[in-house]
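The lines below spell out each chain.
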Amino acid sequence: MHENSMRIALLILFCAMSVGASAQDVIVKRNGDEIQARVLAVSDSEIGYKKWSNPNGPTYTLPRDDVFMIKYVNGDKDVFNDESRSVAPNEDASFACIAGSPAANNAELIRKYGSEIRVTTDPSEKPAKWFFPVMAVAESSVLSNGDLEIAIVPHVVSYSGTISLIRYYIEMKNKTGNTIYVDRANTFRIDPDGSYKSYFDTNQINITAGSGSGAGLNLGGIANVLGIGGAVGTLANATSVGGMSQNSVTKNYSQQRILTIPPQATASLSEYKQVQVRGQHYEKISEAESWGWELDASGTLKKGECIYYDEEESPYEAKYYITYSTHADFSSYSILNFNVYARCIIGERYFDSYNKAQFIRGIQKYLPDFWDNPDILVGDCRSVGKP
């Protein structure tokens, strides 16, 4: 199980470089483990380091293929990826990466998310206090190959029963006559600052709701949930937040590592889920996709102003890597990758997120085709701060 996971991650590799560090670095392995270290060197085959807890001790090495990221003490992050490389049969005859080609409709799918948009603005001299981005899919993306086809589908969700948010589901359609297995542990979203999200969360969430004042949330229980081998582990102790009552009911929420998609079926990579605890109080169980960042440009973006970017100069890009196989044992596997970037930002003075209808109309004031055209991808409304 552990060995299989590392072999699946062989597609994303390190660049050849040498690094010295005089303080604590963090090596993030492909299986999620982190090593507190002093990185000495990174070669084209391995990483040399000393344990931070024993700087005068022996020098250890790790195969470069086992490592996903190095986070340096000065705050820099190196995320190493190379979509072009696949595992050749003579490297490992048992676990081979199949490099699939884009399908004939791939370019068409990319274009529909980047087609011309109708922006109606009423520029003002007043500085924008808020802004929202309009996104597009990068030309180098693969949204469709022989196995899978990706769709980015908008949803307006109500957070905690009141605040409306735009969220997107990454829907994966199985185009084959075979079952497809998606390995969430080796499926990632990488943001511009090098931070990343794995779509496999081992945290067990326990929601407790009772008839009295004893509503609470239990967090931190770790479960060895289903993996490739199908083994199920036991739940660790959880930390209780809030009270409990004798009449309470507890529900447990966990996630399976392998997402199974039957032939010709569609599944979402992540979904927005919340549960009502008491009255208008809700607890979020899982999050879907959204795009947003804080803009440090106070005074440079006006109310109603629209600033356009090309892909190279865009201030924001999210990269997705989906690892999947048509074999339950992952004896062969593929990685589908695509990028979403901000193609323009629109300034606003006020944004009403408490009423769904007003929320949608607030966006349609600038993008009249929004919501009637599901291919217009709009990110989170964020504040414009001081530089």
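Keep in mind it's a predicted model, so treat the numbers as computed, not measured.

(A) Representation of the nonpolar core within the structure. Of all hydrophobic cores here, the largest spans 56 residues; its most connected members are Ile152, Met172, Trp291, Phe338, Leu367 and Val378. No other element matches strand 25 (residues 332–348), which puts seven residues into this core. Within the second largest apolar cluster, eleven residues are counted, among which are Ala37, Ile47, Val67 and Ile70.

(B) Region of the structure containing the packing of aromatic side chains. The full count for this structure, using the stated rule, is ten aromatic pairs. When the centroid spacing of 4.8 Å and the interplanar angle of 10° are considered together, the rings of phenylalanine 68 and phenylalanine 188 count as stacked. Residue phenylalanine 68 is located in strand 5 (residues 67–71), and its partner phenylalanine 188 is located in strand 12 (residues 188–190); the two are separated by 120 residues in the primary sequence. Look at phenylalanine 68 and you get buried, because its relative accessible area is 1%. The buried category is assigned to phenylalanine 188, whose relative accessible area is 3%.

(C) Fine view of the sheet that holds strand 1 (residues 25–29). Pairing is antiparallel in the open sheet, where six strands are placed in the order 4-3-2-1-5-6. Because the sheet does not close on itself, it has two edges, and the strands there are strand 4 (60–63) and strand 6 (77–79). Shown here is a sheet whose adjacent strand axes are inclined to one another by a mean of 40°, direction ignored. As paired elements, strand 3 (residues 46–51) and strand 4 share four bridges and run antiparallel to each other. Within strand 4, the residue paired with isoleucine 47 across the bridge is leucine 62.

(D) Fine view of the sheet that holds strand 10 (residues 163–174). Read across the open sheet, the three strands follow the order 9-10-19; overall the sheet is antiparallel. The sheet terminates laterally at strand 9 (148–159) and strand 19 (266–268), the two strands that pair on one side only. Across the sheet, the mean angle separating the axes of adjacent strands is 30° when strand polarity is ignored. Pairing of strand 9 with strand 10, which is carried by twelve bridges, proceeds in the antiparallel orientation. Residue pairing across strands places isoleucine 152 opposite isoleucine 170, the latter belonging to strand 10. Lying over the sheet, helix 3 (residues 356–364) contacts strand 9 and strand 10, oriented at roughly 75° with respect to strand 10.

(E) Here's a closer look at the confidence of the model for the protein. Mean pLDDT over the protein works out to 76, with 73% of the residues at or above the 70 mark. When mean pLDDT is compared element by element in the protein, strand 19 scores highest at 96, while strand 15 (residues 216–222) scores lowest at 35. This model gives residues 82–94 a pLDDT under 50, and the stretch forms 22 contacts once residues within four places in sequence are excluded. Here residues 211–247 scores under 50 on pLDDT; set against residues more than four positions off or in separate chains, the count is 91 contacts.

(F) Quick look at helix 3. Those residues of helix 3 lying buried are Phe359, Ile360, Gly362 and Ile363. For helix 3, the buried positions fall inside an angular range of 155° around the axis, keeping them on one side. Contacts from the buried residues of helix 3 go to strand 8 (130–137), strand 9, strand 10, strand 25 and strand 26 (377–378).

(G) Inspection of the pairing of strand 10 at higher detail. Burial within strand 10 is extensive, with nine of its twelve residues counted as buried. Sheet topology places strand 10 next to strand 19; three bridges connect them, and they run antiparallel. Opposite methionine 172, over in strand 19, you have alanine 267 as the bridge partner.

(H) A look at the environment of threonine 162. Within the secondary structure, threonine 162 sits in the loop between strand 9 and strand 10. We classify threonine 162 as partly exposed; its relative accessible area is 36%. In this structure, threonine 162 is in contact with Ser353 and Tyr354, ignoring residues within four places of it in sequence.

(I) View of unusual backbone geometry. Non-glycine residue phenylalanine 330 carries a positive phi angle of around 55°. Among the secondary structure elements, phenylalanine 330 is positioned in the loop between strand 24 (317–325) and strand 25. Accessibility expressed as a relative area gives 0% for phenylalanine 330, which makes it buried. A positive phi is found at tryptophan 371, a non-glycine position, where the angle reads about 80°. Take tryptophan 371: it is sitting in the loop between helix 3 and strand 26.

Parameters at a glance
Residues numbered from 1 in each chain as written. Predicted model: local features only at pLDDT ≥ 70, side-chain atom pairs only at ≥ 80, totals over all residues. Heavy atoms only, no water. Core = buried A, V, L, I, M, F, W, Y, C linked by side-chain atoms within 4.5 Å. Buried < 20%, exposed > 50% of the residue type's maximum accessible area, 1.4 Å probe, protein only. Helix = DSSP H or I, 4+ residues; strand = E, 2+ residues; numbered from the N terminus. Phe/Tyr/Trp six-rings, centres within 6.5 Å; stacked < 30°, edge-to-face > 60°. Pairing = 2+ DSSP bridges. Axes fitted to C-alpha atoms, helices over the stretch in contact; angles between N-to-C directions. Contact = heavy atoms within 4.5 Å. pLDDT = per-residue confidence, 0-100. Arc of directions from axis to C-beta.

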